[in-house]
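Structural overview for review
If you want the building blocks of each chain, they are given just below.
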Amino acid sequence: AGLDLNLKVSEDYEFLAMLDGHVKDNVLYITGLLFLPGERSHTSASFNDWMIPPNQKKWGSVHSHPGNNANPSHADLITFSKHGPFHIIVCETEII
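Residues numbered from 1 in each chain as written. Predicted model: local features only at pLDDT ≥ 70, side-chain atom pairs only at ≥ 80, totals over all residues. Heavy atoms only, no water.

Residue Asp-25 is not a glycine yet carries a positive backbone phi of 55 degrees. With respect to the secondary-structure elements, Asp-25 resides in the loop between strand E1 (16-24) and strand E2 (27-34). Despite not being glycine, Asn-26 has its phi angle at roughly 65 degrees, a positive value. Looking at the secondary structure, you find Asn-26 in the loop between E1 and E2. (Helix = DSSP H or I, 4+ residues; strand = E, 2+ residues; numbered from the N terminus.)

Bringing the packing of aromatic side chains into the picture now. Taken as a whole and assessed by the stated rule, the structure comprises one aromatic pair. Directly above the ring of Trp-59 sits Lys-57, whose terminal nitrogen or CZ lies 5.2 Å from the centroid. (Phe/Tyr/Trp six-rings, centres within 6.5 Å; stacked < 30°, edge-to-face > 60°. Lys NZ or Arg CZ within 6 Å of the ring centre and 35° of its normal.)

Turning our attention to the sheet that holds strand E6 (residues 86-91). Pairing is mixed in the open sheet, where four strands are placed in the order E2-E1-E5-E6. The strands lining the two open edges of the sheet, one partner per strand, are E2 and E6. Each strand axis lies, on average, 30 degrees off the axis of its neighbour in the sheet, ignoring direction. Bridge analysis of E1 against E2 gives seven bridges, and the strand direction is antiparallel. Its bridge partner lying in E2, Asp-20 is registered against Gly-32. Its contacts with the sheet place helix H1 (residues 74-82) against strand E5 (60-65) and E6, and it is angled at close to 160 degrees to E5. (Pairing = 2+ DSSP bridges. Axes fitted to C-alpha atoms, helices over the stretch in contact; angles between N-to-C directions. Contact = heavy atoms within 4.5 Å.)

A few words on the environment of Pro-53. Structurally, Pro-53 is set in the loop between strand E4 (45-47) and E5. For Pro-53 and Leu-36, which are 17 residues apart along the polypeptide, the C-alpha to C-alpha distance reads 9.9 Å.

Here you go:
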């Protein structure tokens, strides 16, 4: 079983959460998301790093991009460099 990641991407605001899980046989198993207090806007999302529990393993993050562009911004790349090796950007897809 795995984490069923059913996310409705907000048209107005980004969100950001940390990945919780474990590695077994070189595979990351995501078992949950850790949502921390922070800031959200239509162009960015952040959380307060000092609120990460001390025993929390930093596997990575998941966050949304309003619209259909999943390319990481410069700020995303900085966040990625601080919070683990695995990162997911969720965005809307345009079905034609």
